Amino acid sequence: MEHYNMNLTLKVWKQKNCKTKGAFETYQVQNISSEMSFLEMFDILNERLIAEGKEPIAFDHDCREGICGTCSMFINGRAHGPWHQTTTCQLHMREYKDGDTIVVEPWRSHSFPVIKDLVVDRTAFDRIISAGGFISVNTGNAVDANAVLVPKDDADDSFAAASCIGCGACVAACPNASAMLFVSAKVSQLALLPQGRPEATTRALNMVKQMDQEGFGSCTNIGACEAECPKGISLENIARLNREYLGSVFTGKASS
Amino acid sequence: MALNSKIPNGSLEKKWTDYKSTCKLVNPSNKRQIEIIVVGTGLAGASAAAALGELGYKVKAFCYQDSPRRAHSIAAQGGINAAKNYQNDGDSTYRLFYDTIKGGDYRAREGNVYRLAEVSAAIIDQCVAQGVPFAREYGGVLSNRSFGGTQVQRTFYAAGQTGQQLLIGAYQALQRQVSLGTVTMYSRHEMLELVKIDGKARGIIARNLVTGELERHFGHAVLLCTGGYGNVFYLSTNAMGCNVTAAWKAHKQGAYFGNPCFTQIHPTCIPVSGDHQSKLTLMSESLRNDGRIWVSKVKADTRKPGDIPEEERDYYLERRYPAFGNLVPRDVASRAAKERCDAGYGVGASRQAVYLDFAFAINRYGKIEVHKQGLANADQGTIRKLGMEVVKEKYGNLFEMYEKITGEDPYQVPMRIYPAVHYTMGGLWVDYELATTVPNLYALGECNFSDHGANRLGASALMQGLADGYFVIPYTLGNAMADEIRNKPVPTDHPAFVEAEKLVQSRIDKLMGVNGTESVESFHKRLGKIMWDKCGMARNAEGLKEAITEIRALRQEFWNNVRIPGEVGEFNPELDKAGRVADFMELGELMCMDALNREESCGGHFREEYQTEEGEALRQDDKFMYVSAWEFKGESDFYMHKENLEYEVVHPSQRSYK
Amino acid sequence: MNWKQYFNTSIGKKLIMATTGIFLIVFLVVHCYINAQIFYNDGGTRFNEAAHFMGTNFVIRFVEIGLFGFLIWHMILGLALYNKNKSKRTAYAVNAGNKTSKWYSRSMALLGTLILLFLVIHLRNFWAPNRLSTLTGGEELPLYNMMKEQFQQAWLLAIYLLGVFSLAWHLLHGFYSAFQTFGLCNSRYKDMIRFIGVAFSIIVPIAFASMPIAFFLHLLN
């Protein structure tokens, strides 16, 4: 792979806090190596801004290896940028060429208020998990791990759903700002395992209720969430959540 | 103060059982009156907060991330060990205990490690009950793999994302307690001071990272579950935010720091690509099961790897360690890579890398597939294609990650890897009850020093974090809290809180007041370079002494010339980072002092002066079979206490992988 | 939860959209079948018989009320959801456009509104005068001849084609989407449902479009 350097124009959303209005600011960055990650390019820019006595751009990031789900940039109209199934921190600069202009915005959803610049508040996701995204088992209550057999296919599907990193790209990408993919991934993960079946319906109902209360939009099966999910969470999970929900409508079992 | 590890009497197998049967208990109505602070929400913190909440304690949990689910336990790839012996291959509690002690190069306590092995099985049960989707066999039972060169298959895993799945399980248990009201969660909060009243830990001062406000929180006890301090090296596989601040504040308030120089360097990481590098990415150790590590026999060879003929390749691990080959423990593999690169045989543009080659595995698997499918006379292309499919099935996600980062396709060209700082075995000194030397202050998980000695085995960090949180602390904390039931919560306008908050405020004001010219990041990089060069994979007395002087000078410069933009009363990541780097600069010095003191090579600590003729680590059991527990006396002034390690069951021997 | 609560959540509302949508899809099949009688080219005899049955059968009359109810429900709820969803965020400066989703999936409200406008004209031309006539005690109107007459006007044909065109795209998303909402789009049925959905969205609108075109081109006597 040939390495090269590039100069870029960045248009980045700047917003002091959730109460003030934000606006784009334009920055020129020089000599960006194609080997850098997208966030390292921001590091370089921030270093320069600090040296110039200006305020750096605030953005969320932590593990920088695509698993913690903290990073969250909307890059040229794409949640986590253009690479398929890739978080912002794993996007690398060889995607761009000299002279490109890149527009960077925060996740936009009223349920994710902006804290500063590109940093948003995603605690709504935590509250949705609190509403039911768990199996009610106290420590020490467990039977032997192999006492209940789980078909491999179910375990694999459950794992696929569980690989959600809670980054919020689904909400960011959805024209309706819906959180259905996130909620359905958790509902699916637990509903697919025998350990999670006893409260599967209650879980689905409670999580959906909380999701609505948090003010997320409603799902209209557009599918942008699946296309932008860095972990490839499938829309089949939404179908499964709908199924769980519909089941409870018919049986009337499980109340909140 | 003399160190008392409080290991219960009796035989190894009975210590924990006896402890559990005889420790003091707190009745349910009293638990509701007792407030516990948990700092950090990784595996140890989340599991502890959840377990204590379930018991009925009033818990407050803190994390610096925006959600407890983001703690860096999430990045662990390989798996979690447990002595289940589901494979009937001879595993047992004793074997897991023995492997851990030996792997740790005989620098861990027998009692603690045995307990760890003992509760390991219950961890798997608990996680499965919580809905952790571990890998399974077609029959529906759990799948195991061998890991890090152990002779038994005791590692449970969920693809390459075991840490994520376990953490999410613990996080869900935690959020359940949040919904039940037993745990109050404070995310985007950082602990900046420990509050002590009458010598006991009684609360913390935390900073709300969104508003910048300082908050006072009371707790009958404080649990630090804040992870390791690998970021002192700037470049490490830790998350960007991982820091030592909470543990360091506790240390300065009287908690001893155990074995600070014991750091683990992981052999298979993606090498540094340039000065812009902000962090290093681990490639799972499982890759060494199939990849062969080599460099050219020619110094500074500029040929492409494919152009280097077989006879000019040096498979140095297989050459030096024929018995274990590419599967030698982490510390050995790392040092061997460094030795080759230092000698001028490194590969890639930076010359700080070695090849991890899958061509042989692809060929081998390809041949097996050809055989299976009955394709006689298959050409090389077919063999390669089938082999690649097998390798993809096993390591596909890792190969993809490698390609995203480097832009190179590891199916076609060998991976380039180099060791990187990964884990810190050292940490706050704790006794058998996980209590530090400050009464009512506990340390769990990577934050404490126990269990892993001088080198941690693969897939054992997750085990320790969850063991401490789910199964140890609920008992040991109760034992102490039984004496606290008469103590009412202290109002946070108590002078100790006021004083502590003032201290924090003045430190922040001081940082903001420097108004210099150099960024925090720049100082951090400079500190990291000193640490990596002189207190990294190989250390010597001269270098360590230089490092101490350099760190002191750097610290001075930092406090005179750091520039922190923005305001105190707002979301200000630069200020957060400045506080953390300031603490790293103090810790770095202590690490060098500890490394200088430990005149032997053991585990992750390699002193160049103490090696065998073949360049292997040379322990000095007669002089250094102890835990160094450092007490903070004042700036650059630490006093070392020794906790001698007594081996009643295991007989320390030289580790040999030849 | 009681019934009202069940259908008041975001998924509950989705279920209503899907149920009413499926009902409307069934209606399309019936409507298409009846109207296709014109292609017997028998001067409208069979068609008028069928229309007579539909216009006088008690059950059908009853279902018709339900049909209108569902149609209105589908419309009002659809537009309400559209408005509510729009209010969930401020717009991005740059959008992914068709890179991550289909334009028609994002434009269901627009397509639905176009269909609604078409429907108003369609009902005013045929259904309304006929019902008015029968309700006021008069005869059923000669629908076949009315069609023959009216579809000579090019502008009306254009409106019909636009209506049918909107319907096709609306169905392309709506058909699959309804089954997704009922939770049937798992890996086993997904591709099948998508195939049937696409086929339906092409065949039915083409059948509908062919009717005014046939009259316009004097292919039917």
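Refer to the preceding data block for the structure.
Quick notes on the rules
Residues numbered from 1 in each chain as written. Chains lettered and ligands numbered in written order. Predicted model: local features only at pLDDT ≥ 70, side-chain atom pairs only at ≥ 80, totals over all residues. Helix = DSSP H or I, 4+ residues; strand = E, 2+ residues; numbered from the N terminus. Buried ≥ 20, exposed ≤ 12 C-beta atoms within 10 Å, placed from the backbone. Contact = placed C-beta atoms within 7 Å. Pairing = 2+ DSSP bridges. Expected span 1.5 Å × (residues − 1). Core = buried A, V, L, I, M, F, W, Y, C linked by C-beta atoms within 7 Å. Axes fitted to C-alpha atoms, helices over the stretch in contact; angles between N-to-C directions. Parallel < 35°, antiparallel > 145°, perpendicular 65-115°, else oblique. Left-handed = near helix turned anticlockwise from the far one by under 90°. Nonpolar A, V, L, I, M, F, W, Y, C, P; charged D, E, K, R; others polar.

Trainee: Would you mind going over the overall build of chain A with me for this structure?
Mentor: For chain A, the count of helices and strands is 8 helices and 7 strands. Projected onto the principal axes, the alpha-carbon positions of chain A cover approximately 60 × 45 × 35 Å. Looking at chain A as a whole, 62% of its 256 residues are labelled buried. Considering only contacts within chain A whose residues lie at least 6 apart along the sequence, 71% involve residues at least 24 apart.

Trainee: Hey, could you run me through the interface of chain C and chain A in this one?
Mentor: Many analyses report the size of an interface as the accessible area lost when the parts associate. Contacts between the two partners involve 33 residues from chain C, matched on the other side by 41 residues from chain A. Looking at the side of chain C that touches chain A, the elements that each hand over two or more residues are α2 (10-35), α4 (58-86), α5 (103-106) and α8 (154-181) of chain C. For the side of chain C that touches chain A, the leading source of residues is α2(C), giving 5 residues.

Trainee: Can you walk me through the pairing of strand β12 (residues 263-269) of chain B in this structure?
Mentor: Each regular strand shows side chains that alternate between the opposite faces of the sheet. Residues and elements named next belong to chain B. Of all 7 residues making up β12, 7 are buried, and the element is well covered by its neighbours. Where β12 and strand β16 (residues 415-424) come together, 5 bridges link them in antiparallel fashion. Bridge pairing in β16 places Gln-264 opposite Tyr-423.

Trainee: Explain helix α6 (residues 108-135) of chain C here, please?
Mentor: An α-helical turn contains 3.6 residues, so a residue and the one three or four places further along point in the same direction. Residue and element names in this part refer to chain C. A rise of 1.5 Å per residue sets the reference length of α6, with its 28 residues, at 40 Å; its end C-alpha atoms lie only 35 Å apart and thus fall more than 12% short of the reference. Turning to α6, its buried residues number three or more, namely Met-108, Leu-111, Ile-115 and Asn-130. Check the buried side of α6 and you find it contacts α3 (45-56), α5, α7 (143-150) and α8. Following α6 by one or two positions, Gly-137 has its phi on the positive side, about 85°.

Trainee: Please clarify how the environment of Val332(B) should be interpreted in this entry.
Mentor: Note on placement: Val332(B) falls in helix α9 (residues 330-345). For Val332(B), a count of 23 C-beta atoms within 10 Å translates into the label buried.

Trainee: What is the right way to look at the nonpolar core in this model?
Mentor: Nonpolar side chains in soluble globular proteins tend to be buried together. One finds Val39(B), Leu223(B), Leu224(B), Leu428(B) and Tyr442(B) to be the most contacted residues of the largest nonpolar core, which totals 313 residues. When residues of this core are assigned to their parent elements, the largest contribution, 13 residues, is made by helix α16 (residues 573-597) of chain B. By size, the runner-up hydrophobic cluster in this structure holds 8 residues, among which are Ile38(C), Ala51(C), Leu143(C) and Leu220(C).

Trainee: Would you explain unusual backbone geometry in this entry?
Mentor: A negative phi angle characterises most non-glycine residues, just as the trans form characterises most peptide bonds. Even without glycine at this site, Asp117(A) takes up a positive phi of about 45°. Looking at where Asp117(A) falls in the secondary structure, it is placed in the loop between β6 (114-116) and β7 (119-120). The backbone of Ala459(B) sits at a positive phi, close to 70°, despite the residue not being glycine. Its place among the elements puts Ala459(B) in the loop between β18 (441-443) and α12 (461-481). The class for Ala459(B) is buried, based on 26 C-beta atoms found within 10 Å.

Trainee: Looking at this structure, how should I read the arrangement of the chains?
Mentor: Contact analysis covers 2 pairs of chains in contact, and the most contacts occur between chains A and B. Left apart from each other, chain B and chain C have a closest C-alpha approach of 20 Å.

Trainee: I tried to follow the packing of α8(C) against helix α9 (residues 190-216) of chain C on my own but got confused; where do I start?
Mentor: For any two helices packed against each other, one specifies the inter-axial angle together with the distance between the axes. Residue and element names in this part refer to chain C. As a packed pair, α8 and α9 sit with axes 8 Å apart at the nearest point and diverge in direction by 165°. With respect to each other, α8 and α9 are oriented roughly antiparallel. The way α8 lies across α9 gives a crossing that is right-handed. Residues Leu-157, Tyr-160, Leu-161, Val-164, Leu-167, Ala-168, Leu-171, Leu-172, Phe-175, Tyr-176 and Phe-179 of α8 touch α9, and the partners they reach there are Ile-193, Arg-194, Gly-197, Val-198, Phe-200, Ser-201, Ile-202, Pro-205, Phe-208, Ala-209, Pro-212 and Phe-216. Its residues assigned to classes, the contact of α8 with α9 shows 20 nonpolar, 2 polar and 1 charged.

Trainee: For this particular structure, what's the right way to read the packing of helix α10 (residues 359-372) of chain B against helix α11 (residues 380-406) of chain B?
Mentor: Residues and elements named next belong to chain B. Between α10 and α11, whose axes approach to 7 Å, the crossing angle comes to 105°. Regarding the angle of α10 to α11, the classification is roughly perpendicular. Together, Ala-361, Ile-362, Asn-363, Tyr-365, Gly-366, Lys-367, Glu-369 and Val-370 of α10 and Thr-382, Ile-383, Arg-384, Leu-386, Gly-387, Met-388, Val-390 and Val-391 of α11 make up the contact between the two elements. Residues belonging to the contact of α10 with α11 are distributed by class as follows: 9 nonpolar, 4 polar and 3 charged.

Trainee: I would appreciate a short explanation of the interface of chain A and chain B in the present structure.
Mentor: The partner chain B presents 63 residues to the 67 residues of chain A that form the contact. Looking at the side of chain A that touches chain B, the element that brings in the most residues is helix α1 (residues 38-51) of chain A, giving 7 residues. The residue inventory of the side of chain A that touches chain B, partitioned by class, reads 30 nonpolar, 22 polar and 15 charged.

Trainee: Mind showing me how you'd approach the environment of Tyr27(A) here?
Mentor: All names here are of chain A. Tracing the sequence through the fold places Tyr-27 in strand β2 (residues 23-33). With 17 C-beta atoms packed within 10 Å, Tyr-27 lands in the partly exposed category. Distance in space between the C-alpha atoms of Tyr-27 and His-84 is 26 Å, their sequence separation being 57 residues. Aside from chain neighbours lying at most four places away, what touches Tyr-27 is Leu-10, Val-12 and Leu-45.

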